[in-house]
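# Survey of secondary and tertiary structure
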Number of protein chains: 2
Amino acid sequence: MMNKKEKNIEDISIWIVEDNIHFQNTMNNLINQFDGFVCNFAFESCEDALIEMNNTAELPSVILLDIGLKGMSGIEGIKKFKEISPATHIIMLTIYEDKNSVFDAICAGASGYLLKDSSPENVIEAIKEVLGGGAPMNIHIAKKVIDMFKQLNPPKGDYGLTGREKEILNLLVMGMNKKQIAEKLFVSFHTINTHIKNIYEKLQVNTRGGLVAKAYKENLL
Amino acid sequence: MMNKKEKNIEDISIWIVEDNIHFQNTMNNLINQFDGFVCNFAFESCEDALIEMNNTAELPSVILLDIGLKGMSGIEGIKKFKEISPATHIIMLTIYEDKNSVFDAICAGASGYLLKDSSPENVIEAIKEVLGGGAPMNIHIAKKVIDMFKQLNPPKGDYGLTGREKEILNLLVMGMNKKQIAEKLFVSFHTINTHIKNIYEKLQVNTRGGLVAKAYKENLL
DNA sequence: AAAAAAATACCACGAATGTGGTATACCGGA
DNA sequence: TCCGGTATACCACATTCGTGGTATTTTTTT
């Protein structure tokens, strides 16, 4: 009775993408019980949901999306959903608080996330929150966080590179090869070879890719 | 005189957890000098502070918590403190600038962050801010930060890399060579060679260094 | 079903790289 | 004055790269 809901044109349309049928049903019932929300579809995979999305005119306002799905992952799914329906808010569902996944999800465009053991109230609350325009967050603190990150960026690991070595490192990062660098600095190819050898030693790398990557990661430029 | 403060029931209670005695005292004095704040306790480890927390009815409003502590780390401490006293705001203290630590701290529930060489004004300011802000630094803050970072960074050009190509790009950035990548992905060296060839073509580069640099600059990872 | 895209695989060869050496000249601090 | 660090330079050799091909299978899209 409760989970067979009279469709109302005013209702906020919500989809669920979740491969655990039990949890899917639980969510479904929960949402349909709540006045103003209706769960039109529940899928077991992103692929299925995307097919429906491509064939319907009634795009959902919110998608509850499991982060660990078979086939296309939730993270990947976010991008696809957003391509088709940019206005749809996506709330990730996760079992445990996986920092990296959540971070990735946010980067991919998720509006929020929910732990699977959240209380029904929390679920409804989260949906309301994203619908209400997203982050009702203290802008000051957010700004402060950014300032912190900024402060933290400049100083990083010091590997005791000499001036010349830093100079050459920068040219390497620009994609130049040894010969080109030698010509640019008016020294012998052999000299550059030696310098690069020393840089590799100091940074503990042994490929060009590893070197450049480290230079970026550790802010050596 | 100054650091022996008359206890006032109205004062905001602040604890310090910091293993450097000198810095601990400096902070202590600073806080007690300020009208409206009182530093009731200063500990040298999370463990000590937690014991006290479990035995007192007067929970602190704010904890200044060193990030690099002997025994339980500051990051771990955050969770413990929050368990006992969710309303307590935690401000991290650190000398070394490490982006990851800060992010971890924020995820663990820290409200703010202070470099140890901050001016006295900054310290007081930070405490006031977390007290006034109310909003805990959760995933929403992170979202804000990411959003702003996204805005600051160029919208990262799309070079039409396929999934496999992105995968290989990431391995290249890790400093692996073709043979290693081939082994890791259980495919032939020739296949990797072809993929890399195509990546070079798409990104318009022709050296490993240039590739990795571009990957970082354009946020292709 | 047909077409397009992606992933796989192989060959060859000159160019560039990574690594082991050795060695000289310069300069600033102990 | 002697020593350590820096910059310079050269050699040799195995390994890896970059680039020109061609070609099949699998997946995705139309």
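## As for the overall build of chain A
Along chain A, the regular secondary structure elements total 10 helices and 5 strands. A burial count over chain A gives 43% of its 221 residues as buried. The long-range fraction of contacts in chain A, counting pairs at least 24 apart against all pairs at least 6 apart in sequence, stands at 64%. When the accessible surface of chain A is summed, it comes to about 11700 Å², and 51% of that surface belongs to carbon and sulfur atoms.

## Description of the environment of G112 of chain B
Among the secondary structure elements, G112 of chain B is positioned in strand 5 (residues 112–115). Along the sequence, G112 of chain B and V130 of chain B sit 18 residues apart, while their C-alpha atoms lie 6.8 Å from each other.

## Considering the protein's contact with DNA strand D
Taken together, 18 residues are adjacent to DNA strand D, and T162, R164 and S188 of chain A together with N193 and Y200 of chain B come closest. Within 4 Å of the protein, the atoms of DNA strand D are drawn from sugar and phosphate moieties in a proportion of 64%. Contacts to DNA strand D include T194 of chain A, whose side-chain N or O atom sits 3.3 Å from a base nitrogen. One of the side-chain nitrogen or oxygen atoms of K179 of chain B is found 3.5 Å away from a phosphate oxygen of DNA strand D. When residues in the surface near DNA strand D are grouped by element, the largest group, 4 residues, is from helix 9 (residues 189–203) of chain A.

## Comments concerning the pairing of strand 2 (residues 37–43) of chain A
Pairing of strand 1 (residues 12–17) of chain A with strand 2 of chain A, which is carried by 6 bridges, proceeds in the parallel orientation. Residue pairing for strand 2 of chain A: I14 of chain A is matched across the bridge by C39 of chain A.

## Comments concerning the confidence of the model for chain A
Confidence in the prediction of chain A, expressed as mean pLDDT, is 77, and 74% of residues score 70 or more. Confidence drops under a pLDDT of 50 for residues 133–155 of chain A, and excluding neighbours within four residues, the segment shows 47 contacts in the predicted structure.

## Observations concerning unusual backbone geometry
Residue and element names in this part refer to chain B. Its identity as a non-glycine residue notwithstanding, F186 has a phi of 60 degrees, on the positive side. With respect to the helices, strands and loops of the structure, F186 is situated in the loop between helix 8 (178–184) and helix 9 (189–203). Residue F186 is classed as exposed on the basis of its relative accessible area of 77%. Although it is not a glycine, Q204 adopts a positive phi angle of roughly 60 degrees. By the element assignment, Q204 lies in the loop between helix 9 and helix 10 (208–217). We classify Q204 as exposed; its relative accessible area is 61%.

## A word on the protein's contact with DNA strand C
In the vicinity of DNA strand C, 18 residues are found, and the nearest of them are N193 and K197 of chain A together with T162, R164 and S188 of chain B. Here T194 of chain B contributes a side-chain N or O atom positioned 3.3 Å from a base nitrogen of DNA strand C. Between DNA strand C and H195 of chain B, the relevant distance is 2.9 Å, taken from a phosphate oxygen to a side-chain nitrogen or oxygen of the residue. Ranked by residues supplied to the surface near DNA strand C, first place goes to helix 9 of chain B with 4 residues. Along the lines of polarity and charge, the residues of the surface near DNA strand C split into 2 nonpolar, 11 polar and 5 charged.

## Structural notes on the packing of helix 9 of chain B against helix 10 of chain B
Residues and elements named next belong to chain B. Contact pair helix 9 / helix 10: the axes reach a minimum separation of 11 Å and the direction vectors enclose 60 degrees. Viewed along their axes, helix 9 and helix 10 form a crossing whose handedness is left-handed. Of the residues in helix 10, those touching helix 9 at I196, I199, Y200 and L203 are R208, L211 and K214. Its residues assigned to classes, the contact of helix 9 with helix 10 comprises 5 nonpolar, no polar and 2 charged.

Conventions adopted
- Residues numbered from 1 in each chain as written.
- Chains lettered and ligands numbered in written order.
- Predicted model: local features only at pLDDT ≥ 70, side-chain atom pairs only at ≥ 80, totals over all residues.
- Heavy atoms only, no water.
- Helix = DSSP H or I, 4+ residues; strand = E, 2+ residues; numbered from the N terminus.
- Buried < 20%, exposed > 50% of the residue type's maximum accessible area, 1.4 Å probe, protein only.
- Contact = heavy atoms within 4.5 Å.
- Areas by Shrake-Rupley, 256 points an atom, 1.4 Å probe, with all protein chains shown as cover.
- Near = heavy atom within 4 Å.
- Polar contact = N/O pair within 3.5 Å; in protein donor to acceptor, adjacent residues only side chain to side chain.
- Pairing = 2+ DSSP bridges.
- pLDDT = per-residue confidence, 0-100.
- Nonpolar A, V, L, I, M, F, W, Y, C, P; charged D, E, K, R; others polar.
- Axes fitted to C-alpha atoms, helices over the stretch in contact; angles between N-to-C directions.
- Left-handed = near helix turned anticlockwise from the far one by under 90°.

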